[in-house]
Amino acid sequence: MYCMDIKPRLVRSKPVLRRNLCRPRRFLHQQHSTRQTQTKTQTITRDCSLTAMNVESWADSPDLPTPQQPDRLCLESFWSEVETIRSDSEPDSSRRDSRQSEDGEQEELWLQDAGLSPLVTGEEEDVDKAVLLSTLTKTQAAAVQRRIDSYTCSLRKRNKTPPRHVRDVFSSPIAQSAVPETHNSEPDAHRNMESVTKTQRSAVSGQETQGLQMDEIFITDVAYCEQAAILLKQAKLPQNNSSQCRRDDGALPRVICPQCRLGVTRVLDLSQQDMKKVRQLALIDMTALCDLLGLEVKRHKTCKRKIPESCLFGVPLASLVESDQKIKPNTQIPLFLQTLLSFLEKKGLDSEGILRVPGSQSRIKVLQQKLENSFYSGSFSWDEVSPNDAAALLKKFIRELPAPLLTAEHLNTFSAVRDIADLKQKLHMLNLLVLLLPEPNRNTLKALLEFLSKVVLSERRNRMNLWAVSTIMAPNLFLHKAVPSKLAVDGPEKGQAERAADIMRLLIRYQDLLWTVPNFLLSQVRKLNENSSRRYQFYDKRIKHLLRKIHTDSRDKPDKNSGECRTVKIQLGDVSFSMEFRLTINSRASDLMSQFYKELHASDNSRGLLKRNGSTTYPDCAIYEVGGNIGEHCLDPETHLFDLYNNNPGGEWIIKLRSSSRGQ
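Residues numbered from 1 in each chain as written. Predicted model: local features only at pLDDT ≥ 70, side-chain atom pairs only at ≥ 80, totals over all residues. Heavy atoms only, no water.

Q: I keep staring at the nonpolar core and nothing clicks. Help me out?
A: Nonpolar side chains tend toward joint burial in soluble globular proteins. Formed by 117 residues in total, the largest nonpolar core has its most connected members in Leu355, Leu452 and Met473. Among the elements that line this core, the one with the most residues is helix α11 (residues 272–293), at eleven residues. Judged by nonpolar contacts, the second largest core, of 20 residues, contains Ala589, Leu592, Phe642 and Ile655. (Core = buried A, V, L, I, M, F, W, Y, C linked by side-chain atoms within 4.5 Å. Buried < 20%, exposed > 50% of the residue type's maximum accessible area, 1.4 Å probe, protein only. Helix = DSSP H or I, 4+ residues; strand = E, 2+ residues; numbered from the N terminus.)

Q: Quick question: what am I supposed to make of the pattern of salt bridges here?
A: Tallied over the full model, the rule gives 19 salt bridges. Its salt-bridge partner being Glu384, residue Lys370 comes within 3.1 Å of it at the nearest N-O pair. Taken together, the residues Lys370 in helix α14 (residues 361–374) and Glu384 in the loop between α14 and α15 (387–399) connect sequence positions 14 residues apart. By relative accessible area, Glu384 is classed as partly exposed at 43%. Connected through shared salt-bridge partners, Arg146, Arg147 and Asp291 make up one network. (Salt bridge = Lys/Arg side-chain N within 4 Å of Asp/Glu carboxyl O.)

Q: I'm lost on the side chain of Glu372 in this one. Help?
A: Relative to the assigned elements, Glu372 resides in helix α14. As a buried residue without a salt bridge, Glu372 has its nearest oppositely charged side chain in Lys396, at a separation of 9.5 Å. A distance of 3.0 Å separates the side chain of Glu372 from the backbone nitrogen of Phe313, its partner in a polar contact. Excluding residues within four positions of it along the chain, Glu372 makes contact with Ser310, Cys311, Leu312 and Phe313. (Lys, Arg positive; Asp, Glu negative; His and termini not counted. Polar contact = N/O pair within 3.5 Å; in protein donor to acceptor, adjacent residues only side chain to side chain. Contact = heavy atoms within 4.5 Å.)

Q: I tried to follow unusual backbone geometry on my own but got confused; where do I start?
A: Glycine aside, a negative phi is what most residues show, and trans is what most peptide bonds show. Even without being a glycine, Asn330 presents a positive backbone phi close to 70°. Phi angles above zero are rare outside glycine, and Arg463 is one such case at about 60°. Topologically, Arg463 is positioned in the loop between α19 (459–462) and α20 (466–478).

Put into structure tokens, the structure is as follows:
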């Protein structure tokens, strides 16, 4: 891995770039300090103990420079975008489409989103409350208790009956057995962090002595808030005070994820029911992490607004996806955005200054009107669209969404990430925030980031590096007329631009990592499903403990010294059959798929399914874990099936066609 700095290449495509830049000009003429250039290059070999999800550096060739700070042109472009957004939103500047929640309302909304609404409504759902609370760690439970205390205090001010205290839920007979495990989770988390870190130190040892930046080890087996609590106690985590915040040199290291024998779980691998539980637990963990880091984030509640009479621009994202699914089933992002991004990938990646060079405003208005009238009829001709005009339409589409792409509820939290000093803590927050986004927003954001990463990888031809793309796109995502932003107030402009662009480049750089479900959240979901399936109604402790012992002893787990045959179901359209697979301690999901394809090729079931024009084509299938303590889970090829069986002995393994939504 290497880092090189050269003087920025200034692209002066059009004089319009310097318009409306009065505010930032006072720092543009400051003397820039000389930066050292580092010409060392080193080939980094991937450790065999690391998972394939390891994130490599952005440089795709040895002689491609990687700037560590935004240059002057990047900052000019940033404020040019800000002025464009302000001018577009001037007619509606007097009206906000969202408002800050009132006193006590924030805690009430938080408890509802976290799946703890019975604590607010007072409904008799002790079992449901106990099941969710029993899966929490000590730090997570403390965050819930703080929200309950704050909500109780606000209710007293309004002379309303306070809800039950969280301690009353934990002290109920149903939850008593889970409390010790919850509050004693910190030592286990400490041991897990130490064991994982020790095994990975050899992979990155010696880098400091060679003058290279240390790789970041990204642990997902331990709750992010528990990691922060441990590091705070060890005085290893920098505080967020402005005087103590260390300055980031701009270099982004390689992030290494220790290998998990259960494989990597991505967002689209889980069913909607399990993802709902993931979002509830992610909200609790993110809130606990914010409390530890001292981040005060105020949520904004989106108000109802009149939907414009259009079919593309200004339409709510969920409504747009829902209407497009009637045309193309299983589509996950708007068809217009798919077409626009596809056009830009074909015509715009080689265009110098793409995204930075503005298109003609008059042409953009004409194109927007034509798209509104003729896009769905198929009569719109993309031949008359230039790459710069298409890029302007892309930014305009994002800006004119009635609610921010990052949502009004979480936009301020996304913005607050730039105040965190530690890189891993930033990634922890962004990972949880991505999981909290509604499905249409999350899928649309992923499609956008995938395109932006392709722009960066084509830097040789388009002269747009990671900083340039980030500074251009940051205002379009972090400024919205529906939510007031700190970028709109006076202050050190250069620092504001760099911090906002820094979050944008983290989203682009580490998007594959951020769109995964951490192992600790998946474990909590499994535990939540297990506890929900039991639902003990016996309040006699002796009977309850006896039933728990019987339930635990009745689990049939395979003997590690002997093979175990598992029946795997096959579902390929109208064809259904089964096959036997001998399970060993080293069996992986890829081994099972290899056996499946061999048996499918030799069986009668392959007739009419695999033969096309005399060639053999295998269907795109995957192994799904169904039932037991999970709803439905698409397995990673590197999943060790023996460990999966031990984690979920009651689940079935089904091989079927991969979901059409996966990977979009």
